[in-house]
Amino acid sequence: MATPTIPAPRAEYDRHKTTRSQFELFAWLFMRLSGVVLVILIFGHLFVNLWSGSGVHQLDFGFVGGKWANPFWQIWDLVMLWLAMLHGTNGMRTIISDYTEKPGTRVALQLTLYIASAIVVILGTLVIFTFNPCPTGADPSLLASFCKA
């Protein structure tokens, strides 16, 4: 019976070549880059919504209507929504992969995660682009800057 030998401390590591995709590398890189972009987007969002103007007291239906009347803020909030959901989904995917032992459970949890994330992204995108600051029956005096009386 041959005894296993320990390689010398400075011996070169024999790395096995894999034919797998680079998905995990790209997922890891995405987490770092999206995290940096999200910090910028979130602090911009907080500054505009909470610190500029009247602060938290200005947040109401009219404020959101005015903000989303500008395509810049629609895109800002859309990018923030999409990046946050993709970032969170990728993080949860990693946690599910790390902590679930049974393949069936892993598939079920990941499928649930992907469906829930897709629903939130689709509904959030619809809300951002179909938001009507002048709903039927609204008091035009409250929304004078958006609605024609």
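All values reported here derive from a predicted model rather than from experimental measurement.

The subject of this paragraph is a nonpolar patch on the surface. On the surface, V39, F43, F47, L50, W51, V56 and L59 cluster together into a nonpolar patch covering about 700 Å² of accessible area. Classification of L50 as partly exposed rests on a relative accessible area of 31%.

Another aspect to go through is helix α2 (residues 61-68). All of the buried residues in α2 are G62, F63, G65, K67 and W68. Of the surrounding elements, those touching the buried residues of α2 are α1 (23-51), α3 (71-99) and α4 (103-130). Regarding α2, its N-cap is D60, as a side-chain oxygen of that residue lies 2.9 Å from the backbone nitrogen of F63 further along.

Topologically, Q74 is positioned in helix α3. When sequence neighbours within four positions are dropped, the list of residues in contact with Q74 reads W68, I128 and F129.

So, about the packing of aromatic side chains. Inspection of the entire model under this criterion finds four aromatic pairs. Taking 5.4 Å as the distance between ring centres and 85° as the angle between the ring planes, the aromatic pair formed by W68 and F131 counts as edge-to-face. Remark: F131 occurs in the segment after α4 and W68 occurs in helix α2; sequence separation between them is 63 residues. On the basis of an interplanar angle of 80° and a centroid distance of 5.0 Å, the ring pair of F72 and W73 is categorised as edge-to-face.

Next up on the list: the confidence of the model for the protein. Caution is warranted with low-pLDDT regions, since their predicted coordinates should not be read in detail. The predicted model of the protein averages 87 in pLDDT, with 86% of residues at 70 or higher. α2 is the least confidently modelled element of the protein, averaging 83 in pLDDT, while α4 averages 97, the highest of any element.

Turning to the pattern of salt bridges, a few remarks are in order. Tallied over the entire structure, the rule returns two salt bridges. Taking the shortest distance from any N to any O, the salt bridge between E24 and R93 comes out at 2.9 Å. Pair noted here: E24 is in helix α1 and R93 is in helix α3, with a separation of 69 residues, a long-range link. In this structure E24 comes out as partly exposed when scored by relative accessible area, which is 48%. For D77, the salt bridge is made with K67, and the minimal N-O distance between the two is 3.7 Å. Linking D77 in helix α3 with K67 in helix α2, this pair joins segments that are 10 residues apart in sequence. Given the relative accessible area of 8%, D77 is considered buried.

The rules behind each value
Residues numbered from 1 in each chain as written. Predicted model: local features only at pLDDT ≥ 70, side-chain atom pairs only at ≥ 80, totals over all residues. Heavy atoms only, no water. Patch = residues over 30% accessible without salt bridge, like charges linked within 9 Å, V, L, I, M, F, W, Y side chains within 5 Å. Areas by Shrake-Rupley, 256 points an atom, 1.4 Å probe, with all protein chains shown as cover. Salt bridge = Lys/Arg side-chain N within 4 Å of Asp/Glu carboxyl O. Buried < 20%, exposed > 50% of the residue type's maximum accessible area, 1.4 Å probe, protein only. Helix = DSSP H or I, 4+ residues; strand = E, 2+ residues; numbered from the N terminus. Contact = heavy atoms within 4.5 Å. Polar contact = N/O pair within 3.5 Å; in protein donor to acceptor, adjacent residues only side chain to side chain. Phe/Tyr/Trp six-rings, centres within 6.5 Å; stacked < 30°, edge-to-face > 60°. pLDDT = per-residue confidence, 0-100.

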